[in-house]
Amino acid sequence: MDYLSKISRQVAAVPRSGIRDFFELVQGRDEVISLGVGEPDYAAPWHIREAAIYSLERGNTSYTSNLGLMSLRRKIASYVGDFFDVSYDPSSEILVTVGVSEALDLALRALLNPGDEVIYHEPCYVSYMPGVLLAHGVPIAVPTSRKDNFALKPEALSAALTPNSRVLMLNFPTNPTGGVVSSEDLEGIARLCVERDLIVISDEIYSELRYDDSRHQSIAALPGMRERTILLHGFSKAFAMTGFRLGYACAPEPLTEAMMKIHQYSMLCAPITSQAAALEALENGASSVERMRASYHERRDFIVRRLNEIGLECHSPGGAFYVFPDIRGLGLSSRDFAMGLLEAENVAAVPGDAFGHSGEGFLRCCYATAFDQLREALDRMERFVATLARP
Ligand code: PLP
C-alpha cells in the first residue's frame, strides 16, 4: 500500500526529531556515557512518590474535572502568584495538562489560523517548529548567538515581525543553551508584543533552575502582558517528575477556555495519580528542589570549566541543565563531531543542529548526570578533541 498517500500532508511534512535519530544510533551500545537526554538524574523525591501511592491506596482512580483537581489548581495559583508574581483565578484561568508538551500543543492549536506566523528564538526545544506546523501555522525562527548568551534581542524580534505575526514563543532558561534573558531585553520584547498585539506563549519549565543569584522573571508579570500571555509550567524538571507527565497553562479565561475545549475532547483530564503527586510537590517539595538545584549549579560550574580547558569554548549558562559548547573551531559539523565522539569514546551528546539551523557548530550536553560519569565523560572528550587536527 502507498501509505504516504494515506497520511495527512501536514504530518508527512514534519521532520523526525534529530534527537531521536541520534539516540537510535546510541541504542544497544555498551559503556556509553550519555549527556544526551534532557531529564534529571534523580528519581522524584520520595514524599512525592508516596503521595502517588497513597492516592492509589485510597482508591482514587477516577477522572477529575477537565481543568484538573480544584485543590491542585488552588495550589498552582498560589505557587505561581508567589514565584512569578502573577495572579490567576483557579476556577477559570488554570488548566492542568499532560506535561508542558500537551500545554504547548493546546496553546498553538487554540490560537492559530492557517498561515499565522509564530516567532520563536532558536536554537530551541525540538517540539516548537513541528508543533507550529501541526497547528497549521508558519514557523519563523529568529537565530540567537553565543555573543548574546543565546538570548532573544528586541531588535531581532522587531526585524522578524510581519503583518501575519500572531504569536511569540519564549523559553527562558532555554533548552538547549541554558540561556536567560536580561530584564531590559524582556521589557523591550514585552513593549513590542503590546505594540504589535502579539500573544506570547511563555514556556517557563526551567524557571526554578537558575544560578548566579539571578531571580527568574516571567514576561507575564510585566505591564500589559498578563492579558496576552499563556504561561506554561510543569513538574518534569525542577521536581524530577518527567514520568508523571504533568504540567499546566495559566492564561486569561477566554484563552484557557479555548485550550480546555481541545483538552476535554482529546485528553479529557490529566491522570489523577499524577495530580495527587503534584499537589504534594507544591506543598512540601521546596527543599528537594533547592537541593537538586544546588547540585546542578555545582555540576554546571564543573562542566563549563572543563569544556573551556579542553578548548571547547562554552559560555556559562544562567539556567536549566544544559551547556552548549562551540565546536566551530574544530573543522567538523555538529553531527560529525557527535558521531566521532560516540564512535571513538562512547560519549553521547546531541548535535546542535537538532535544535534548528542556528545550532550548527554547537553540541548540547546535559549535565544532569552523576558527577563521576560527568568527570569521565569530560576526560574522554578531552582525548577525542586532542585527536582532531585543528584547521
Ligand atoms: N519545554 C521545554 C523547553 C523542554 O525542554 C521540555 C522537555 O524537555 C518540555 C517543554 C516538555 O516538558 P514536559 O515533560 O512537561 O512535557
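Residues numbered from 1 in each chain as written. Predicted model: local features only at pLDDT ≥ 70, side-chain atom pairs only at ≥ 80, totals over all residues. Heavy atoms only, no water.

**Q** Explain the site of the ligand here, please?
**A** Taken together, 13 residues lie around the ligand, and Ser101, Asp203, Tyr206, Ser236 and Lys237 are the ones closest in. One of the side-chain N or O atoms of Ser101 is found 2.5 Å from an oxygen atom in the ligand. Measuring from a nitrogen atom of the ligand, one finds a side-chain N or O atom of Asp203 at 2.6 Å. Compared with its free state, where it exposes 400 Å², the ligand has 93% of that area covered by protein. Among the elements that line the shell around the ligand, the one with the most residues is helix H6 (residues 99–111), at 3 residues. Here the residues of the shell around the ligand sort into 5 nonpolar, 5 polar and 3 charged. (Near = heavy atom within 4 Å. Polar contact = N/O pair within 3.5 Å; in protein donor to acceptor, adjacent residues only side chain to side chain. Areas by Shrake-Rupley, 256 points an atom, 1.4 Å probe, with all protein chains shown as cover. Helix = DSSP H or I, 4+ residues; strand = E, 2+ residues; numbered from the N terminus. Nonpolar A, V, L, I, M, F, W, Y, C, P; charged D, E, K, R; others polar.)

**Q** Quick question: what am I supposed to make of the pairing of strand E4 (residues 138–143) here?
**A** For strand E3 (residues 117–122) and E4, the ladder comprises 6 bridges, and the chain directions are parallel. Paired with Glu117 across the strands is Val138, a residue of E4. As a crossover connection, the stretch from E3 through helix H7 (residues 128–134) into E4 is right-handed. (Pairing = 2+ DSSP bridges. Right-handed = clockwise from strand over helix to strand, strands pointing away.)

**Q** What exactly am I supposed to notice about the pattern of salt bridges here?
**A** Any two side chains of opposite charge can pair if their charged atoms end up close together. Applying the stated criterion to the full structure yields 21 salt bridges. The closest approach of N and O atoms between Asp148 and Lys147, which form a salt bridge, is 3.3 Å. Its salt-bridge partner being Arg305, residue Glu309 comes within 2.9 Å of it at the nearest N-O pair. Placement of the pair is Glu309 and Arg305 together in helix H12 (residues 286–310), with a separation of 4 residues, close to one helical turn. On the basis of relative accessibility, which here comes to 47%, the residue Glu309 falls in the partly exposed class. (Salt bridge = Lys/Arg side-chain N within 4 Å of Asp/Glu carboxyl O. Buried < 20%, exposed > 50% of the residue type's maximum accessible area, 1.4 Å probe, protein only.)

**Q** Mind showing me how you'd approach a nonpolar patch on the surface here?
**A** A contiguous nonpolar surface patch, about 660 Å² in accessible area, is contributed by Met1, Tyr3, Leu4, Ile7, Val11 and Leu134. By secondary structure assignment, the location of Ile7 is in the loop between helix H1 (3–6) and helix H2 (9–13). Residue class for Ile7 comes out partly exposed when judged on its relative accessible area of 41%. (Patch = residues over 30% accessible without salt bridge, like charges linked within 9 Å, V, L, I, M, F, W, Y side chains within 5 Å.)

**Q** Sorry if this is basic, but what is going on with the side chain of Ser334 here?
**A** On the secondary structure map, Ser334 appears in helix H13 (residues 334–345). The exposure class of Ser334 is buried, given its relative accessible area of 0%. Within the structure, Ser334 has its side chain in polar contact with the backbone nitrogen of Gly361 (distance 2.8 Å). Polar contacts involving the side chain of Ser334 include one to the main-chain carbonyl oxygen of Phe362, which spans 3.0 Å. Every residue in contact with Ser334, bar those within four places of it in the chain, is listed here: Ile327, Pro351, Gly352, Asp353, Gly359, Glu360, Gly361, Phe362 and Leu363. (Contact = heavy atoms within 4.5 Å.)

**Q** Looking at this model, I keep getting lost on the domain arrangement of the chain. Mind explaining?
**A** In terms of domain boundaries, the chain breaks down into domain 1 (3–44 + 287–386) and domain 2 (47–285). Once you take the C-alpha centre of each, domain 1 and domain 2 turn out to be 24 Å apart. The partner domain 2 presents 37 residues to the 40 residues of domain 1 that form the contact. Between domain 1 and domain 2, the buried area comes to about 3,300 Å², and carbon and sulfur atoms account for 60% of it. Applying the counting criterion to the domain 1 and domain 2 interface returns 3 salt bridges. (Domains from an automatic or database assignment. Buried area = accessible area lost by both parts, 1.4 Å probe.)

**Q** Where do I start with H6 in this structure?
**A** In an α-helix, one full turn covers 3.6 residues, which means residues spaced three or four apart are oriented alike. Over its 13 residues, H6 runs 19 Å from end to end, which matches the ideal 18 Å to within 8%, given 1.5 Å per residue. Burial in H6 covers these residues: Gly99, Val100, Glu102, Ala103, Leu104, Leu106, Ala107, Leu108 and Leu111. (Expected span 1.5 Å × (residues − 1).)

**Q** Looking at this model, I keep getting lost on the sheet that holds E3. Mind explaining?
**A** Sheet strands pair via backbone hydrogen bonds, and the direction of the pair is either parallel or antiparallel. The mixed open sheet is built from 7 strands, whose spatial order is E2-E8-E7-E6-E5-E3-E4. The open sheet terminates on both sides in strands that have one partner only, identified here as strand E2 (94–97) and E4. Taken over all neighbouring pairs, the strand axes of this sheet differ in orientation by 20 degrees on average, direction set aside. Its contacts with the sheet put helix H5 (residues 70–84) on E2, strand E7 (229–234) and strand E8 (247–250), and the angle it makes with E2 is roughly 110 degrees. (Axes fitted to C-alpha atoms, helices over the stretch in contact; angles between N-to-C directions.)

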